[in-house]
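# Secondary and tertiary structure notes
Next come the chains, spelled out residue by residue.
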Amino acid sequence: EPCVRSFNAIIANMIGLEKPNYRIYALIIGEVLTPGKIFGCEIMKISFEDQRLKKFSPIQSIFSDDEYVTYASTLLYVDPIRLKSEYVMIYDIKERDINSAVGGAIRYFDKICRYLTVSYAQDFKNYTKRNSILSPYLYQVNKISALDDEGVESDLKFIVKSGIIYLPNRPELNIWRHADTQHFLENIFNFHDDILERTIKYLYRSSIGHFVKDSPEKIVLDHFKSIEVVINSLVKRGSFKKRVDKVAKLIRLTDPEKEKIKKLWDERSKYSDTAHPSALDQTERYPNQFPLPSNVNFSYPINDSISVDVCIKYFLYKKSLFYIEIDYISPGDEETFGEVNAQWESNRLFFSTTEKNKDKLKQKILENFSRLFKINEKSIEKITIYSRKKAVLQVVY
């Protein structure tokens, strides 16, 4: 019902059935601007001096005062543009409050600028007989006024305050809750693996995306990339869902985790307005509001555990694997066993040996590995010789 009222209000505004109670001014800049009426708006030229007298200013955002000693917060809206123009779009609207009025005006300004942009490309093509690069029209809301029943304006101050309070009065503790966590932190920080570093980078960026004003699309894509990069690195062939099944066996994903990943894949790739276009923009049916909502849909919140579970299970799996390059030396030369470029790539080893018998070679690798890393031979799960030049050892984890 609110959607119907909002839609009816827009139509009534356009055909003049309702008296507007707000007037929104937005600076506009583009290649061709013609003063006059345009689809329910008006474009007019207002000098910089008159803009100053009318107190034109972009939408302001401030951080709210609160009672917490420590916390993190974020602004709901940050205007990233500095726009100077003497051309202004004016839109009168009837709405229930100032937030709805600003949201409705922005929705309309945005639509007009989209169609002006496409029309300029056609104008350029028709006039020059060659294609134009896309030259977008830009706008910026700079003034909001209230209108009385007689259409007389009065200035309104529109300030957007900060949103959620995150981690109030933290830290809660000064030591980890579990005794093994510090050891885990040191291990994962010092484990050098490109895929692990990428998945953690995507994972962290998605988790802070709301705070640093990333778009909803980027937040969702980064969240799923943190999972996708792991799946793609471990299994190269087959459909994504079949690869998930294979990876699940390697890194010990549970059945619920597998199904959740597959569902997220469908939403990212098929149903949501994220990686691919959706059939419709359902937010166009929402009541006017500010900031404008996104058409991105995701079943699970970005801080859901699935992505970090995949990350940690991938780390534990990769930490259990050691890749050994075998170099055959001449009889009489000394055998050596050690790490290769440990500062760049973890768990990469070399073994210089004269032994070519596969079973004896496995035993020598087992003995040398146990001696180098000071672990019991029973902690070694298996050794696989893939060729005469390569072996993989896996420890129990």
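What counts and what doesn't
- Residues numbered from 1 in each chain as written.
- Predicted model: local features only at pLDDT ≥ 70, side-chain atom pairs only at ≥ 80, totals over all residues.
- Heavy atoms only, no water.
- Helix = DSSP H or I, 4+ residues; strand = E, 2+ residues; numbered from the N terminus.
- Buried < 20%, exposed > 50% of the residue type's maximum accessible area, 1.4 Å probe, protein only.
- Salt bridge = Lys/Arg side-chain N within 4 Å of Asp/Glu carboxyl O.
- Core = buried A, V, L, I, M, F, W, Y, C linked by side-chain atoms within 4.5 Å.
- Contact = heavy atoms within 4.5 Å.
- Pairing = 2+ DSSP bridges.
- Axes fitted to C-alpha atoms, helices over the stretch in contact; angles between N-to-C directions.

### A few points about the overall build of the chain
- A count of helical and extended segments in the chain gives ten helices and 15 strands.
- The burial tally for the chain puts 39% of its 397 residues in the buried class.

### Some words on the pattern of salt bridges
- All told, the structure shown has 20 salt bridges when counted by the stated rule.
- Between Asp255 and Lys258 there is a salt bridge, with its nearest N and O atoms 3.5 Å apart. With Asp255 and Lys258 both in helix α8 (residues 255-271) and three residues apart, the pair spans about one turn of that helix.
- Residue classification places Asp255 among the exposed residues on the basis of a relative accessible area of 53%.
- Between Lys262 and Glu259 there is a salt bridge; the shortest N-O distance is 3.8 Å. Note that Lys262 and Glu259 are positioned in helix α8 at a spacing of three residues, about one turn of the helix.
- The class of Glu259 is partly exposed, set by a relative accessible area of 46%.
- Residues participating in the shared-partner salt-bridge network are Asp245, Asp255, Lys258, Glu259 and Lys262.

### Overview of the nonpolar core
- Membership of the largest hydrophobic core comes to 30 residues, with the highest contact counts inside it found for Ile24, Met89, Val102, Phe109, Val141 and Ile144.
- At the level of secondary structure, the elements contributing two or more residues to this core comprise β1 (22-29), β3 (41-45), β6 (87-93), α3 (98-128) and β7 (138-147).
- If one sorts the elements of this core by residue count, α3 sits on top with twelve residues.
- Leave out the neighbours within four places in its chain, and Met89 touches Ile24, Tyr25, Ala26, Ile28, Glu42, Ile43, Phe109, Ile112, Cys113 and Tyr139.
- Counting residues in hydrophobic clusters, the runner-up holds 28 residues, among them Phe191, Phe224, Ala248 and Cys311.

### Observations regarding the sheet that holds strand β11 (residues 321-328)
- Taken together, the five strands give an open sheet; going across it, the order is β12-β13-β11-β15-β14, and neighbouring strands pair in mixed fashion. Each of the sheet's edge strands pairs with one partner strand only, and the pair in question is β12 (336-339) and β14 (380-387). Put simply, the sheet's adjacent strands are angled 20° from each other on average, direction ignored.
- Across four bridges, β12 lies against strand β13 (residues 348-353) in antiparallel orientation. Within the sheet, the bridge partner assigned to Thr336 lies in β13 and is Ser352.

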